[in-house]
Amino acid sequence: ASRESWSLREGDLSKVRKRLERKSLIIERVKGSEILFGIAPCSMALSQSRRDLFRLFLKQSSGSQRLVMSQFVLQAMAQGVPVHHVERRELDALCKGRVHQGVCLEASPLHFKRLEEAEKPDVGDEEGPNRQLIWLVLEHIQDPMNLGALLRSAYFLGVDRVVTSQRNSCPLTPTVSKASSGAMEVLDVYGTDDLQSFLKAKTAEGWEVVGTVSKPEDVENIPIISCSEFRWTKPVIIVIGSEGDGLSLETQLLCHRMLTIPPGRALHPGIESLNVSVASGILLHSICSQKLRHSD
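Under an unreviewed UniProt entry, the name given to the protein is rRNA methyltransferase 1, mitochondrial, and the organism recorded is Bucorvus abyssinicus. Heading Sequence similarities (unreviewed entry) of the UniProt record for the protein holds this comment: "Belongs to the class IV-like SAM-binding methyltransferase superfamily. RNA methyltransferase TrmH family." The record held by UniProt for the protein lists under Subcellular location (unreviewed entry) the comment "Mitochondrion".

**A few points about unusual backbone geometry**
We note that Gln-101 has phi near 60°; this positive angle belongs to a residue other than glycine. A positive phi angle is found at Asn-168, which is not glycine, with a value near 55°. Assignment of secondary structure puts Asn-168 in the loop between strand 7 (161-165) and helix 7 (174-179). Given a relative accessible area of 52%, Asn-168 falls into the exposed group.

**Re the side chain of Ser-280**
Of note, Ser-280 is situated in helix 10 (residues 276-288). On the basis of relative accessible area, Ser-280 is assigned to the buried category, the value being 2%. Among the polar contacts listed, one links the side chain of Ser-280 to the backbone oxygen of Val-276, at a separation of 2.7 Å. The residues touching Ser-280, leaving out its near neighbours within four places in the chain, are Leu-150 and Ile-240.

**Brief notes about the side chain of Gln-252**
With respect to the helices, strands and loops of the structure, Gln-252 is situated in helix 9 (residues 249-252). Classification of Gln-252 by relative accessible area gives buried; the value is 11%. In this structure the side chain of Gln-252 is engaged in a polar contact, spanning 3.4 Å, whose partner is the backbone oxygen of Leu-247.

**Comments concerning the sheet that holds strand 11 (residues 236-240)**
In a beta sheet, neighbouring strands are held together by backbone hydrogen bonds and run either parallel or antiparallel to one another. Read across the open sheet, the eight strands follow the order 5-8-7-6-11-9-12-10; overall the sheet is parallel. The sheet is open, and its two edges are formed by strand 5 (113-114) and strand 10 (224-226), each paired on a single side. In this sheet, strand 7 lies alongside strand 6 (residues 134-138) in parallel orientation, the contact comprising four bridges. Bridge pairing in strand 7 links Leu-138 to Thr-164. Each of strand 6, strand 7 and strand 8 (189-192) is contacted by helix 6 (residues 144-157), which is oriented at about 175° to strand 6, the strand it contacts most. Sheet strands in contact with helix 8 (residues 195-204) are strand 6, strand 7, strand 8, strand 9 (208-212) and strand 11, and its direction is about 160° off that of strand 6.

**Some points on the sheet that holds strand 2 (residues 53-59)**
Overall, mixed pairing links the four strands, which are arranged 1-4-2-3 in an open sheet. Both outer strands of the open sheet, strand 1 (34-37) and strand 3 (83-86), are each paired with one neighbouring strand and no more. Ignoring which end each strand starts from, the neighbouring axes of this sheet average 25° apart. Bridging between strand 2 and strand 3 involves four bridges; their strand directions are parallel.

What counts and how
Residues numbered from 1 in each chain as written. Predicted model: local features only at pLDDT ≥ 70, side-chain atom pairs only at ≥ 80, totals over all residues. Heavy atoms only, no water. UniProt positions renumbered as here; feature names shortened; annotations may be inferred. Helix = DSSP H or I, 4+ residues; strand = E, 2+ residues; numbered from the N terminus. Buried < 20%, exposed > 50% of the residue type's maximum accessible area, 1.4 Å probe, protein only. Polar contact = N/O pair within 3.5 Å; in protein donor to acceptor, adjacent residues only side chain to side chain. Contact = heavy atoms within 4.5 Å. Pairing = 2+ DSSP bridges. Axes fitted to C-alpha atoms, helices over the stretch in contact; angles between N-to-C directions.

This is how it looks when you write it as C-alpha cells:
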C-alpha cells in the first residue's frame with residue numbers, strides 16, 4: 001500500500017511540475033504588440049527604430065552564439081529595450097514553434113504606408129531626367145513566405161518602391177519579416193485599395209507599366225516579350241500577380257507589355273511555371289542589371 005501511495009504522490013508531483021512549467025511560458029504581452037523572431041528581423045528592427053520596441057528575449061546561450069547574443073544586448077541597451085534571458089521552450093512558445101534562432105523581440109506591428117507618401121523622394125535620391133526608376137507592384141500576394149522573398153529580392157536588386165494591393169493580400173507579419181531576412185524592416189511597403197487608378201495615373205505621368213505572365217496563351221491583345229528582350233528606357237512599373245491566378249484581367253488591360261521567362265527545356269505537363277518570388281527575382285534582375293551607372 002505504501003508503494004502505491006508513493007507512486008501516486010510521485011505522479012501528483014509530476015503533474016504539478018508540468019503545470020508550473022506551462023505557467024512559466026505565459027508572458028504578458030503589451031496590447032497590440034507582436035513577436036518578431038529570428039536574428040536578422042530582430043537585429044534590423046532594433047537598428048531602424050521604425051517600430052515601438054518593448055522587450056527583447058534571448059536564449060540562454062554559450063559557445064559560438066554568445067557573441068551574437070552579446071551584440072543583441074548592446075543593441076537593446078542603446079535603444080533602452082529591456083532584455084530577458086529565457087529558456088528555449090519559452091522562445092518556442094512566444095513565436096509558436098517557428099525558427100527563432102534564439103531571439104524574439106516584442107514590438108508594435110508595421111503597416112503599409114499611404115501611397116501618397118511614395119511620391120516623396122528618399123533622402124539622398126538622385127533627381128534628374130536621366131535617373132532610372134523601377135517600382136514593383138504586387139496584386140493579391142497572399143503567402144507570407146512569397147511576400148518576404150519578394151521584398152528581399154526587391155531590396156537587394158535596387159527597386160525604388162514596392163506597392164501592394166491591400167485587399168486580399170498578406171499583411172506585414174513577423175513571418176514576412178523572417179522570410180525577407182529583415183528586408184521588411186528597412187524597405188517601405190506602400191498600400192492602395194485602388195491599384196487600377198494608381199496604374200492609370202502613373203501611365204499618364206509617362207511611366208511604362210509592364211505585367212508578367214507564365215503562360216502566354218492566357219493573354220490577349222497585349223504584346224508579350226521575353227524578359228531578356230526588354231529594354232529599360234523610361235520609368236517602369238513591374239506588376240506581379242497572385243500565386244494562383246496571376247494578374248487580374250482589369251490589371252492586365254492596363255499593361256503596355258507583358259514579360260515572360262523562357263524555359264530552358266521542354267517542360268513536363270504540370271511543371272510549367274516558377275514560384276512567384278523566384279520568377280520575380282529573375283525578372284527584376286533582368287531589368288535592374290540595365291541600370292545606368294552615372295559617373296560623378
